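In case you want the letters, here they are:
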Amino acid sequence: MRPSNVKKRPIFVVSRSFPPSVEAGGSMVAYHLFRQIDAAEYVVMRGDLMPQDSVLQLKAHTIVTDVFPRRFAYSRFDFLFIPYIICIGFFFGLFHKVRHVFGVFPFGFYTVSAFFIAKLLRIPFTVYFFDVWEEAQSSRIQKILAKFFEKTILRNAKNVFVISKAIQRHFLIKHGIPSIELLHPIPIERFQPFLRYHHQPEKLHRIVYTGNISGLNFDVIRNLILSVREIFNIKIKIEFFTGQNSTHLKQILNISDSDPVSFHFVSSKEVPKIQQAADILFAGIAFDNLNENVQQTVFPTKFVEYLFAGQPILINAPDNSYLAEFVRVHQCAALVTSIDKNEIKSQIVHILTNPELAKELAQKALQTAALFKDTVQIEKLTTTLKMEW
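Below is a summary of the structure that appears in this document. (Residues numbered from 1 in each chain as written. Predicted model: local features only at pLDDT ≥ 70, side-chain atom pairs only at ≥ 80, totals over all residues. Heavy atoms only, no water.)

## Remarks on the pattern of salt bridges
- With the rule as written, the count across this model stands at 12 salt bridges.
- Lys 174 serves as the salt-bridge partner of Glu 134, at 2.9 Å between the closest nitrogen and oxygen. One end of the pair, Glu 134, is in the loop between strand S5 (125–129) and helix H5 (140–156); the other, Lys 174, is in helix H6 (residues 165–175), with 40 residues separating them in the sequence.
- With relative accessibility at 19%, the residue Glu 134 sits in the buried group.
- For Glu 360, the salt bridge goes to Lys 364, with nearest N and O atoms at 3.9 Å. One end of the pair, Glu 360, and the other, Lys 364, are both in helix H14 (residues 355–369), 4 residues apart, so they sit about a helical turn from each other.
- On the basis of relative accessible area, Lys 364 is assigned to the partly exposed category, the value being 26%. (Salt bridge = Lys/Arg side-chain N within 4 Å of Asp/Glu carboxyl O. Helix = DSSP H or I, 4+ residues; strand = E, 2+ residues; numbered from the N terminus. Buried < 20%, exposed > 50% of the residue type's maximum accessible area, 1.4 Å probe, protein only.)

## Looking at the packing of aromatic side chains
- On inspection of all chains with the given rule, the structure shows 26 aromatic pairs.
- Taken together, a centroid distance of 6.2 Å and an interplanar angle of 80 degrees make the contact between Tyr 128 and Phe 161 edge-to-face. Separated by 33 residues along the polypeptide, Tyr 128 in strand S5 and Phe 161 in strand S6 (residues 159–162) bring together distant segments of the chain.
- On the accessibility criterion, Phe 161 (0% relative accessible area) is buried.
- A network of ring pairs unites the aromatic residues Phe 34, Tyr 42, Phe 102, Tyr 128, Phe 130 and Phe 161 as a single cluster. (Phe/Tyr/Trp six-rings, centres within 6.5 Å; stacked < 30°, edge-to-face > 60°.)

## A short note on the side chain of Arg 99
- When you line up the elements, Arg 99 lands in the loop between helix H3 (82–96) and strand S4 (100–105).
- Glu 41 provides the closest opposite charge to the buried, salt-bridge-free Arg 99, at an N-O distance of 4.2 Å.
- Of note is the side chain of Arg 99, whose polar atom sits 2.8 Å from the backbone oxygen of Arg 9.
- In terms of polar contacts, Arg 99 uses its side chain to reach the backbone carbonyl oxygen of Leu 385, at 3.2 Å.
- In this structure Arg 99 touches Lys 8, Arg 9, Pro 10, Ile 11, Glu 41, Ile 123, Pro 124, Leu 385, Lys 386 and Met 387, once residues within four positions along its chain are discounted. (Lys, Arg positive; Asp, Glu negative; His and termini not counted. Polar contact = N/O pair within 3.5 Å; in protein donor to acceptor, adjacent residues only side chain to side chain. Contact = heavy atoms within 4.5 Å.)

## Side note on helix H4 (residues 108–121)
- In this model H4 runs 20 Å from its N-terminal to its C-terminal C-alpha over 14 residues, within 8% of the 20 Å that 1.5 Å per residue would give.
- Most of H4 is tucked away, with 11 of its 14 residues classed as buried.
- For H4, every residue scored as buried is listed here: Gly 108, Phe 109, Tyr 110, Thr 111, Val 112, Ser 113, Ala 114, Phe 115, Ile 117, Ala 118 and Leu 121.
- Buried residues along H4 sit against strand S1 (11–14), strand S2 (42–46), H3, S4, S5 and H5.
- Positive backbone phi, approximately 55 degrees, marks Arg 122, located one or two places after H4. (Expected span 1.5 Å × (residues − 1).)

## Here we look at the side chain of Thr 297
- Locating Thr 297 in the fold gives a position in helix H10 (residues 292–297).
- A polar contact is formed between the side chain of Thr 297 and the backbone oxygen of Asn 293, at a distance of 2.7 Å.
- Setting aside chain neighbours within four positions, we find Thr 297 in contact with Asp 131, Val 132, Ser 164, Ala 166, Ile 167, His 170 and Tyr 322.

## A word on the packing of H3 against H4
- Axis separation between H3 and H4 bottoms out at 9 Å; the angle between their running directions is 45 degrees. Taken as axis vectors, H3 and H4 run oblique relative to one another. Considering how the two elements wind past one another, H3 and H4 form a crossing that is right-handed. Note on element contacts: H4 touches H3 through Phe 109, Tyr 110, Val 112, Ser 113, Phe 116, Ile 117, Leu 120 and Leu 121, opposite Ile 82, Ile 85, Ile 86, Gly 89, Phe 90, Gly 93 and Leu 94.
- When its residues are assigned to classes, the contact of H3 with H4 shows 12 nonpolar, 3 polar and no charged. (Axes fitted to C-alpha atoms, helices over the stretch in contact; angles between N-to-C directions. Parallel < 35°, antiparallel > 145°, perpendicular 65-115°, else oblique. Left-handed = near helix turned anticlockwise from the far one by under 90°. Nonpolar A, V, L, I, M, F, W, Y, C, P; charged D, E, K, R; others polar.)

## Overview of the pairing of strand S8 (residues 205–210)
- Taken across its 6 residues, S8 has 6 buried, putting it largely inside the fold.
- A two-sided burial pattern is seen for S8, the buried positions comprising His 205, Ile 207 and Tyr 209 on one face and Arg 206, Val 208 and Thr 210 on the other.
- Two strands pair when backbone bridges link them, and S8 and strand S9 (residues 236–241) are joined in this way by 6 bridges, in the parallel orientation. Counted as the bridge partner of His 205 is Ile 236 from S9.
- Where S8 and strand S11 (residues 280–284) come together, 2 bridges link them in parallel fashion. Within the sheet, the bridge partner assigned to Ile 207 lies in S11 and is Ile 280. (Pairing = 2+ DSSP bridges.)

## A closer look at the sheet that holds S8
- Taken in spatial order, the 6 strands of this open sheet run S10-S9-S8-S11-S12-S13, and their pairing is parallel. Of all the strands in the sheet, the pair left with one neighbour each is strand S10 (261–264) and strand S13 (334–336). On average, each strand axis in the sheet is inclined to that of its neighbour by 25 degrees, with strand direction left out of account.

## Describing the nonpolar core
- Phe 102, Phe 303 and Ile 348 are the most contacted members of the largest nonpolar core, which totals 118 residues.
- If one sorts the elements of this core by residue count, H4 sits on top with 8 residues.
- Here Phe 303 is in contact with Ile 313, Ile 315, Leu 323, Phe 326, Val 327, Cys 332 and Ala 333, once residues within four sequence places are set aside. (Core = buried A, V, L, I, M, F, W, Y, C linked by side-chain atoms within 4.5 Å.)

The values reported here are purely geometric and, on their own, carry no functional implication.
Now the structure itself:
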């Protein structure tokens, strides 16, 4: 047992966006893991500055690395910052007498830097992957960086955490390296007491999507809009809650003024209420223009939030995707595994006109949500890294 007057050496968390600057998606994964852990247990090196009054501030000692112009810092040449980050991290780690480096991926140049910081300090290194590495890179330079370092980092890490079984499988097949599944943690207090699903046949039904619209889901979003256009006997409105430019999205999604579609921007605190008030929550993964390995491993963080909302969920994703596999195993959402708009249309009508089905989907979603409670994941992290919380 450690004497009370002896300070415990902290874990050194290295990530470009932790704590996150905005409360959205994957940027919140590490925040939810560490926010309940004693600030004396870890120190942080992050990329960019945060507003001093941000609700996402953590009490741990933090150093910021990006002192160069932002446009250059986040360019295709960001790998040139690796020696700079290593240098800052080495001395910061020495000063705080850290005992273990915890690197957070994505942003490979920070992952590589974390690995070398641990080597220089001669302490253990742990890495946490939110995504596959080499296959997810679009630029040639980033692909080379991943190809050169991915296997080395995985083989030399004391612990490899991954956010899903799909990424776990990917690294095991590709490199023969086992890993620990550490799911996206959701703080249960973010959600109000769960709403029961109530069938109201005459009302305007709301299909809700929250989060960014990108190449990961453009085609399924368009498919949803095309499907709703052809439903005439039920009042339906599609509502997108996103911080993106609505005019631009309307153009690329070919949305006309007559489409029952609206765009909204709300604070992150309002999102759980919006999700709980939906009649159907929609998410999906692109069928076209997506690397097969990415398609098979990506797991939208919004889907985890949907599970906690306790409302029916509709998923449109390729049959070989991990999202489709997860839904089949847990039966926690209605699933369409083709890009056929008629199948989406049929599922929407089936959910909205079948209250027993909708209620069952909502209940199964809540049951599955228990897997992602933050306390379960924090316990797994702190036990592995010998931390207290």
